[in-house]
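Below, each chain spelled out in residue letters.
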Amino acid sequence: MDDPRSVLAAPSHPSPYAWYARLPAIAFDASIGLWVLADPALVAQALEEPALRVRPPAEPVPEALRGRPTGEVFARLVRMTDGDFHARHRPAVAAGAARLARAAVEQAAADATRDLAPRTPIDALLSAIPVQAMARLLGVAAADLDRTVAWVHDFTRGIAAGASSDALDRSDAAVAGLLAQAEGLEPALAANRIAFMQQALDATAGLIGNGIVAWQARAASLEGTAFIAHVARTDPAVHNTRRFAAQDLVLGDAPIAAGQGLVLLLANPQAKLQFGAGAHACPGERIALAIAATALRTLAELGALQRLAPPQGYRPLPNARIPVFAAA
Ligand code: HEM
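Residues numbered from 1 in each chain as written. Predicted model: local features only at pLDDT ≥ 70, side-chain atom pairs only at ≥ 80, totals over all residues. Heavy atoms only, no water.

Participant: Is there a simple way to think about the pairing of strand 1 (residues 26-29) in this case?
Facilitator: Each regular strand carries side chains that alternate between the two faces of the sheet. As paired elements, strand 1 and strand 2 (residues 34-37) share 4 bridges and run antiparallel to each other. By the bridge assignment for strand 2, Ala-27 is matched with Val-36. In this antiparallel pair of consecutive strands, strand 1 and strand 2, the connection spans 4 residues, and Gly-33 shows a positive phi of 70°. (Pairing = 2+ DSSP bridges. Helix = DSSP H or I, 4+ residues; strand = E, 2+ residues; numbered from the N terminus.)

In C-alpha cells:
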C-alpha cells in the first residue's frame, strides 16, 4: 500500500500510523507549503508556544467571511483566537463544558441516538448524534432539534476553507437562527455556544465511526468509556491541527519564519495529544467520550451496530478521520 501523499492526506489513508511513526521530528513539506511537526515533545512545545497562533496573524478572520454574520461569530470563537480575547473568554467556555454532568450527557446522547437512528442514513447519523446531543444539553426544544442540527452543519461548511458563496449564504442564515436561540447571552458566549455544537460535529462523528470500526474488528464490552477511550487514543478522530508563526522562532533545529504555517501531528498513540494541550486544549474531552460511548451502546441496543457493513473508506478531510460506511 502506498504511503499517504502528505500529512494532510493521511487522516483518510487506510492505515496512516506506521507512516506517522517514520516521519522526521520536524521537516518542511514543500508539497503543502507547511512545516510538519511529528515528534510528540516538539508538538507539546509548539502547543505551549505563544509565538504560534491558531490563525495567520495577517488574517485573523478568513477573508471570505469578513463583513458576514458568519465572520462575526468566527471572530469570537475561543478556538480561533489567541491573546487577550482568548484569555478573557476561554474560562467561561471551559466552565460551561465542566458544568455538564456525565449523566445528563449520556441521557442526551441516548435520546439523540434513539431519535435519529431509525430515520437517518449511517454517515449522516455519525455527525447528527453529537450535534443533537449538544443541542439538547444547550436547552434547544425538541421541535427545533432537526433545524438546529442542519444549521450547525451549514455553519461548519460555511467556515471551511474554500466555502462557496451559496454555502456562505446558508451559513449566515444558520447563524441568525443559532444566535436567536442564544438571546440574552453576551456575544462571545453566544458565539461559543455555537462552537459547542460545531466542535462536537466532525470530531465526535470520527470517534463514533472509529469506535464502530474497532468494534467490528473486536466486539469488546461497550460498558463505561474504557473501549471508546482506547479508540480515541489508538485510532483518533482529530489527527492534526495548525499553527501560524507570528514571529521568527526555532523549533527543534528548524528555523521557522514569521508567517509560515505548521501542521502539528496529534495522532500518536504513544502521546496523549489527541485532545490537544496548552491554552487551546479541548474542554470537551469528557463530553465527547460520554457521547460516543453512549451512542455505540445505544446503537447496539437498537441492533443497528450489528447490521453495519465495514467502512468503504474515509471522508477526504485534511485533519479529521471519519469512516464512510454507505457505498457511494
Ligand atoms: C472526539 C471528539 C473531540 C476531539 C478529538 C476534540 C479535539 C480537540 C482538539 C485537538 C482541540 C484543540 C485544537 C488546537 O489546539 O488547535 C479542541 C479544541 C476545542 N474543542 Fe474539542 N474535541 C472533541 C470534541 C469536542 C466536543 C464534544 C466539544 C464540545 C463541548 C469540544 C469543544 C472544543 C472547544 C470549544 C475547543 C476550543 C478550545 C480553545 O481553543 O480554547 N470538542 N478539541
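Participant: What am I meant to see in the nonpolar core here?
Facilitator: Nonpolar side chains tend toward joint burial in soluble globular proteins. Core analysis: the biggest nonpolar cluster contains 70 residues, and Leu-126, Met-134, Leu-207, Ile-212 and Leu-305 have the highest contact counts within it. Counting residues per element, this core draws most heavily on helix 9 (residues 187-217), at 13 residues. Every residue in contact with Leu-305, bar those within four places of it in the chain, is listed here: Ile-212, Trp-215, Leu-222, Leu-296, Leu-299 and Ala-300. Membership of the second largest hydrophobic core comes to 19 residues, among which are Trp-35, Leu-42, Leu-264 and Leu-273. (Core = buried A, V, L, I, M, F, W, Y, C linked by side-chain atoms within 4.5 Å. Buried < 20%, exposed > 50% of the residue type's maximum accessible area, 1.4 Å probe, protein only. Contact = heavy atoms within 4.5 Å.)

Participant: Would you explain the site of the ligand in this entry?
Facilitator: Close contacts around the ligand come from 24 residues, with His-86, Thr-241, Arg-243, His-280 and Cys-282 the closest. The contact in question runs from an oxygen atom of the ligand to an N or O atom on the backbone of Val-78, over 3.3 Å. One of the side-chain nitrogen or oxygen atoms of Thr-241 is found 2.6 Å away from an oxygen atom of the ligand. Secondary-structure elements contributing two or more residues to the shell around the ligand are helix 4 (83-98), helix 9, strand 4 (240-245) and helix 11 (285-301). A per-element tally of the shell around the ligand places helix 9 first, with 6 residues. Classifying every residue of the shell around the ligand by side-chain character gives 13 nonpolar, 8 polar and 3 charged. (Near = heavy atom within 4 Å. Polar contact = N/O pair within 3.5 Å; in protein donor to acceptor, adjacent residues only side chain to side chain. Nonpolar A, V, L, I, M, F, W, Y, C, P; charged D, E, K, R; others polar.)

Participant: Explain the sheet that holds strand 7 (residues 261-265) here, please?
Facilitator: Paired through their backbone hydrogen bonds, the strands of a sheet run either parallel or antiparallel. If you walk across this open sheet you meet the 5 strands as 1-2-7-4-3, and the pairing is mixed. Pairing within the sheet leaves two strands with one partner each, and these edge strands are strand 1 and strand 3 (52-53). Note: strand 2 against strand 7, 3 bridges, orientation parallel. The residue of strand 7 that forms the bridge with Val-36 is Val-263. Packing against the sheet, helix 2 (residues 40-48) makes contact with strand 1, strand 2, strand 3, strand 4 and strand 7, and its axis sits at approximately 125° to strand 7. (Axes fitted to C-alpha atoms, helices over the stretch in contact; angles between N-to-C directions.)

Participant: So what exactly am I meant to see when it comes to the coordination of the iron atom of the ligand here?
Facilitator: Each donor-metal-donor angle in an ideal tetrahedron of four donors is 109.5 degrees, and each such angle in an ideal octahedron of six donors is either 90 or 180 degrees. Looking at the iron atom of the ligand, one finds just one donor atom contributed by the protein, Cys-282 (SG), at 2.4 Å. Considering the arrangement of structural elements, one finds Cys-282 in the loop between strand 7 and helix 11. (Donors = N, O, S within 2.8 Å, 3.2 Å for Na, K, Ca; no water.)

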